[in-house]
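Chains, contacts and geometry: an overview
One-letter residues, chain by chain:
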Amino acid sequence: KVQVWILSECVSLFQVNVRDALNQAMDEELERDERVFLLGEEVAQYDGAYKVSRGLWKKYGDKRIIDTPITEMGFAGIAVGAAFAGLRPICEFMTWNFSMQAIDQVINSAAKTYYMSAGAQPVPIVFRGPNGSSAGVAAQHSQCFAAWYGHCPGLKVVSPWNSEDARGLLKAAIRDDNPVVFLENELMYGVPFDLSEDVLQKDFVVPIGKAKVERRGTHITLVSHSRCVGFCLDAASVLAKEGVECEVVNLRTIRPLDVDTIEASVMKTGHLVTVEGGWPQYGVGAEICARVMEGPAFNYLDAPAVRVTGVDIPMPYAKILEDHSVPQIKDIIFSVKKVLNM
Amino acid sequence: TLLPSPLLIMVASSRSYADFTPEKVDLHRLEEGPPLTATLTREEGLKYYRTMQTIRRMELKADQLYKQKIIRGFCHLYDGQEACAVGIEGGITLSDHLITAYRAHGYTLTRGGTVREIMAELTGRRGGIAKGKGGSMHMYTKNFYGGNGIVGAQVPLGAGVALACKYLGNDQLCVSLYGDGAANQGQIFETYNMSSLWKLPIIFICENNQYGMGTSVERSSASTEYYKRGDYIPGLRVDGMDVLCVREATKFAADHCRSGKGPILMELQTYRYHGHSMSDPGVSYRTREEIQEVRSKSDPISMLKDRMLSNNMASIEELKEIDIAVRKEIEDAAQFATTDPEPPLDDLCSHIFANDQPFEVRGATPWTKLTSTS
């Protein structure tokens, strides 16, 4: 805990890493509503493959924290069925790569049911787990699924960056009566952030569907989600020394996309660069650019909007190759300067 | 254990029929099965008769409307299998839960839907049970979770419903149905495993109608003994054309579940008269003679009718009156289904999310802004 003086007012800040923020959010929601339960591989007795559910089994027991066999299609279906019948499951995929085994249950059983039943059957479920690239886990364990799930009506898709995002969005997701795809990031789990007392209140939620401007700027808009938000802020610090002030927008939610916040920013700065870890084709950045083209912000653009993305290849293993497969801070800086014609 | 004696009803004879549906109960990992005798009251008989006849006539009317292009898309008809839906419902209550695949019109009815709203859903009208948003494969009622289009997906869903029953401690169970075609799905075996590990109150029911679309069971399954496919899960196989066999087996299975013993698997040997769907004439992979033989020797409605008549439980006139009443109900429903207006365009984007503020939905062009309401 740290005490900080802000404008002659003493504010208590607590250092909480993303993992603990997720853990506390789940703990509080499990306590708040008896219908909430968690299932997935190693979530109970192992304390979670990435320790996100540490301590929960000890506190809540077998009934509410359930270890599953390695059968994603089956247990995702079971989770959706439990949601049909009135419970509020949190279904963990050890990583989102494994969700491909169960994607039919996420899309066809969860996302579409409220619509197909004309409102008779809501599906209050959260699917969560680490998404996107990690470190040295190679091609089959490094894919970003934001674009895949963000494509589908009937789903809400969120992608938190920091601890405040993680805590607030997970609470919002669990309290939401609809299927939410919750994309975490393994490399962010151990990163600490300062949280104020307000954020640590039990009813603190971050609304789904609202982006946050993390840094105000006037020359160019950087739009990003998840870990890349941090890279954008780092790039912005470097660029500030050269007199370029970047506005950094943290999407927080992939679907529904907060087009209003993006457009307002672009109309102010006249320049746009999107930054994501996923592949370029048919991706999140592609969608943002298309929306900006189709809306009022287009007329304010002084240059074409561009995307900074993961390299369009399966993820290699060797460190030097992996480092060059993901967007780096220098790529963001390079793109900003190109767009600003510097 | 093979039990050669057929299920008998209390009062005198049962009609013998083709070898196609043997009159016996096959057991797997069970010391004993359902009782060898069952009592059918007149009231029950008349109710089962009426419900099966309603399903039969409703499906035949759907066939007619489909050929007139008033029903479109997929339409998988249930005629021939009526004893399954009716018998199962006879063994559970409406506070229990049930989920099935796409051949679902019969279950929508037995689970509380009306013929009117089922037919209007098939014709895509606003009075349909899903307001025209779902169609043939996506009909829902209380404690009935459809109607599912993806083969096999409904089975884990059913186990999830069963998990909720156990979690909430309400002594309810879930019946999870699938066909012989779906029986080889991996997710079903995943569900067998988790249901057994966690002792979920689920009755797995395989409606074996001998064909998965155009593929006979011999061509799709290395083992066609579907009641044994649950391996460590106790199973039984009964004649799915006999509504009493189905009912007694279901009661037995329900007792097993409610006593906390975990899952049980039932195979119902049944038959569909129609092809897989309305686009399948159903005669390229089986002979007309086979269909005709089942119709003449094992029809579920005829069997029940003969039983009731030969035991003086009802008169021919009474049953004829029921037929007439059913015919009228179907005609009225078809009339409604063909005259009710289609859903309003406002409904296009509604029901995306539950309990949400209205939000904007992109239409086909960037200038088409539509609104979604819960």
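Position numbers for residues start from 1 in each chain and track the written sequence from start to end. Just so you know, chain letters begin at A and ligand numbers begin at 1, following the order they were written in. A pLDDT threshold of at least 70 governs which residues receive local features in this predicted model, and a stricter bar of 80 or more applies before side-chain atom pairs are shown or counted, although totals over entire chains, interfaces and linings include all residues. Hydrogens and waters are ignored; side-chain quantities use all the structure's heavy atoms.

Okay, the sheet that holds strand β8 (residues 180-184) of chain A next. Residue and element names in this part refer to chain A. Here, a strand pair is defined by DSSP locating no fewer than two bridges between the strands. Going along the chain from the N terminus, every DSSP run of H or I of four or more residues is numbered as a helix, and every run of E of two or more is numbered as a strand. In spatial order, the strands read β4-β3-β5-β6-β8-β7-β13; together these seven strands make up an open sheet with mixed pairing. Of all strands in the sheet, those bounded by a partner on one side alone are β4 (65-67) and β13 (253-255). The sheet shows a mean angle of 20° between the axes of neighbouring strands, taken without regard to direction. Taken together, the two bridges between strand β7 (residues 156-158) and β13 define a ladder with antiparallel strand orientation. Paired with Val157 across the bridge in β13 is Arg255. What counts as an axis is a line fitted to C-alpha atoms, over the stretch in contact for a helix, and the angles between N-to-C directions run from 0 to 180 degrees.

Here we come to the UniProt feature "domain: Dehydrogenase E1 component" (unreviewed entry) in chain B. UniProt positions are given in the numbering used here, feature names are shortened, and annotations may be inferred rather than shown by experiment. The residues that UniProt annotates with the feature "domain: Dehydrogenase E1 component" (unreviewed entry) are residues 50-344 of chain B. Secondary structure across residues 50-344 of chain B divides into 47% helix and 11% strand, with the first and last C-alpha atoms of the span separated by 35 Å.

Attention now goes to the interface of chain B and chain A. When the parts of a complex come together, some accessible area is lost, and that lost area is often taken as the interface size. Residue-level contacts link 35 residues of chain B with 42 residues of chain A. Buried area: the sum, over both parts, of the accessible surface (1.4 Å probe) that disappears when the two are put together. Carbon and sulfur atoms make up 68% of the area that chain B and chain A hide from each other, which totals about 3400 Å². Among the residues of chain B in contact with chain A, B:Tyr140, B:Tyr167 and B:Phe353 are the three that bury the most area, contributing 21% of the side total. Between Lys or Arg on one side and Asp or Glu on the other, a salt bridge is scored when a side-chain nitrogen of the former is within 4 Å of a carboxyl oxygen of the latter. Counting across the interface, chain B meets chain A through two salt bridges. In this structure, the salt-bridge partner of A:Lys156 is B:Asp356, at a minimum N-O distance of 3.0 Å. Pairs of N or O atoms are called polar contacts if they sit within 3.5 Å, as long as, within protein, a hydrogen donor faces a hydrogen acceptor (for residues adjacent in sequence, only side-chain-to-side-chain pairs). On inspection of chain B and its partner chain A, the count reaches 17 residue pairs in polar contact (both at pLDDT 80 or more). Counting only elements with at least two residues in the side of chain B that touches chain A, the list comes to α5 (154-168) and α6 (186-197) of chain B. Ranked by the residues each element gives to the side of chain B that touches chain A, the list is headed by α5(B), at nine residues. Under the grouping applied here, Gly and all other residues not named as nonpolar or charged are polar, the nonpolar ones being Ala, Val, Leu, Ile, Met, Phe, Trp, Tyr, Cys and Pro and the charged ones Asp, Glu, Lys and Arg. Class assignment for the residues of the side of chain B that touches chain A results in 21 nonpolar, nine polar and five charged. In what follows, residue pairs with any heavy atoms lying within 4.5 Å of each other are defined as contacts.

Here we take up the sheet that holds strand β15 (residues 306-308) of chain A. All names here are of chain A. As summarised here, the arrangement of the five strands in space is β10-β12-β11-β14-β15, forming an open sheet in which the pairing is mixed. Taken across any chain shown, the strands that pair with only one partner, and hence form the sheet edges, are β10 (212-215) and β15. When the angles between neighbouring strand axes are averaged without regard to direction, this sheet yields 30°. Here helix α10 (residues 284-294) sits on the sheet in contact with β11 (220-224), β14 (272-275) and β15, set at roughly 155° to β14.

Let's shift gears to the pattern of salt bridges. Residue and element names in this part refer to chain A. What the rule picks out here adds up to 44 salt bridges over all chains. Here Lys337 and Glu242 are joined by a salt bridge, their closest N and O atoms 3.0 Å apart. Taken together, the residues span a long stretch of sequence, with Lys337 in helix α12 (residues 329-339) and Glu242 in the loop between α8 (227-240) and β12 (246-250) at a distance of 95 residues. Relative accessibility under 20% of the residue-type maximum defines a buried residue, over 50% an exposed one, and the middle range a partly exposed one, all with a 1.4 Å probe and only protein chains included. Looking at Glu242, the relative accessible area reads 45%, which means it is partly exposed. Connected through shared salt-bridge partners, Glu28, Glu29, Arg32, Arg167, Lys171, Arg175 and Asp203 make up one network.

Residue and element names in this part refer to chain B. Counting through the fold element by element, Arg229 comes out in the loop between α7 (217-220) and β10 (235-239). Although Arg229 lies buried, it forms no salt bridge, and the closest oppositely charged side chain, Glu267, sits 8.6 Å away as judged by the N-O distance. Side chain to side chain, Arg229 and Asn184 meet in a polar contact 2.7 Å long. If near-sequence neighbours (up to four positions away) are discounted, Arg229 is found in contact with Ala183, Asn184, Phe189, Tyr192, Ser221 and Ser223. We count Lys and Arg on the positive side and Asp and Glu on the negative side, and we leave His and both chain ends out.

Moving on to α10(A). Residue and element names in this part refer to chain A. Buried residues of α10: Val284, Gly285, Ile288, Cys289 and Val292, and no others. Down the axis, α10 shows its buried residues gathered within 135° of arc, on one side only. If you follow the buried residues of α10, they end up packed against α6 (146-150), β11, β13, α9 (259-269), β14 and β15. Here the arc refers to the set of directions running from the helix axis out to each C-beta atom.

What follows is about the environment of A:Trp279. All names here are of chain A. Of note, Trp279 is situated in the loop between β14 and α10. Residues Trp279 and Phe145, spaced 134 residues apart in sequence, show a C-alpha to C-alpha distance of 9.6 Å. The contact partners of Trp279, leaving out residues within four places of it in the chain, are Gln143, Thr309, Gly310, Val311, Asp312, Ile313 and Pro314. At 2.9 Å, the side chain of Trp279 forms a polar contact with the backbone oxygen of Ile313.

Centres within 6.5 Å make a pair out of two Phe, Tyr or Trp rings, where for Trp the six-membered ring is used; the pair is then stacked when the planes are under 30 degrees apart, edge-to-face when over 60, and tilted otherwise. Across all of its chains, the model carries 16 aromatic pairs over all chains by this definition. Arranged with centres 5.2 Å apart and planes meeting at 65°, the rings of A:Phe93 and A:Trp96 form a pair that is edge-to-face. Across the pair, A:Trp96 and A:Phe93 agree in class, each one buried. Of the aromatic side chains, those joined through ring pairs into one cluster are A:Phe75, A:Phe93, A:Trp96, A:Phe127, A:Phe145, A:Trp148 and A:Tyr149. Our definition puts a charge over a ring when NZ of Lys or CZ of Arg is within 6 Å of the ring centre and also within 35 degrees of the ring normal. Above the face of the B:Phe353 ring, A:Lys156 is positioned so that its terminal group lies 4.7 Å from the ring centre. One cation-aromatic arrangement involves B:Arg295 over B:Tyr273; the distance from NZ or CZ to the ring centre is 4.1 Å.

Here we take up the pairing of strand β6 (residues 174-179) of chain B. Each regular strand displays side chains that alternate between the two surfaces of the sheet. Residue and element names in this part refer to chain B. In terms of burial, β6 is largely enclosed, as five of its six residues are buried. In the sheet, strand β5 (residues 97-99) pairs with β6 via three bridges, with the strands oriented parallel. Looking across to β6, one finds that Ile99 is bridged to Ser176. Pairing between β6 and strand β7 (residues 202-208): six bridges, direction parallel. Note on β7: the bridge partner recorded for Ser176 is Phe204.

Residue and element names in this part refer to chain A. Tracing the chain through its elements places Ile78 in helix α3 (residues 72-84). Accessibility expressed as a relative area gives 1% for Ile78, which makes it buried. Linking Ile78 and Gln105, residues 27 residues apart in sequence, is a C-alpha distance of 9.2 Å.

Residue and element names in this part refer to chain A. Geometrically, the link from Arg255 to Pro256 is a cis peptide bond, its omega value of 0° lying close to zero. In this fold, Pro256 is placed in the loop between β13 and α9. You will see that Glu42, though not glycine, has its phi angle at about 65°, which is positive. Position of Glu42 among the secondary structure elements: in the loop between β3 (36-40) and α2 (56-60). Judged by its relative accessible area of 35%, Glu42 is partly exposed. Phi is positive for Tyr282, close to 60°, though the residue is something other than glycine. Residue class for Tyr282 comes out exposed when judged on its relative accessible area of 73%.

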